[in-house]
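Analysis of the macromolecular model
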Amino acid sequence: MRVELDVPKCVASGQCVMAAPDVFDQQDDDGVAILLQERPGEELRGEVEEAVAICPAAAIRLVES
């Protein structure tokens, strides 16, 4: 799986960081999400799927590859 983050769409809510802290972080200055792992392991799939589902801006996409 591959994670895509549409940074311009991000509203800095931090939901992705709470759902998947090993995959996402936030910039210190504006809180916009940062993708830490573009290709996280399968053990993180549930967390990434939750982050996708709860992102209020629909800025995260999970791509099967």
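Above this text you will find the structure in question.
All figures in this text were calculated on a predicted structure; none of them were measured in a lab.

**Some words on the overall build of the chain**
Per the secondary structure count, the chain includes two helices and four strands. Secondary structure elements of the chain, listed N to C terminal, follow the sequence β-α-β-β-α-β. Here the C-alpha atoms of the chain give a radius of gyration of 10 Å, agreeing with the 11 Å that 2.2 N^0.38 yields for 65 residues. Out of the 65 residues in the chain, the part that is buried amounts to 37%. The long-range fraction of contacts in the chain, counting pairs at least 24 apart against all pairs at least 6 apart in sequence, stands at 56%. In the chain, which carries 5 positive and 14 negative side-chain charges, the distance between the mean positions of the two groups comes to 11 Å.

Reading the values: the criteria
- Residues numbered from 1 in each chain as written.
- Predicted model: local features only at pLDDT ≥ 70, side-chain atom pairs only at ≥ 80, totals over all residues.
- Heavy atoms only, no water.
- Helix = DSSP H or I, 4+ residues; strand = E, 2+ residues; numbered from the N terminus.
- Rg over C-alpha atoms; globule rule 2.2 N^0.38 Å.
- Buried < 20%, exposed > 50% of the residue type's maximum accessible area, 1.4 Å probe, protein only.
- Contact = heavy atoms within 4.5 Å.
- Lys, Arg positive; Asp, Glu negative; His and termini not counted.
- Charge placed at Lys NZ, Arg CZ, Asp CG, Glu CD.

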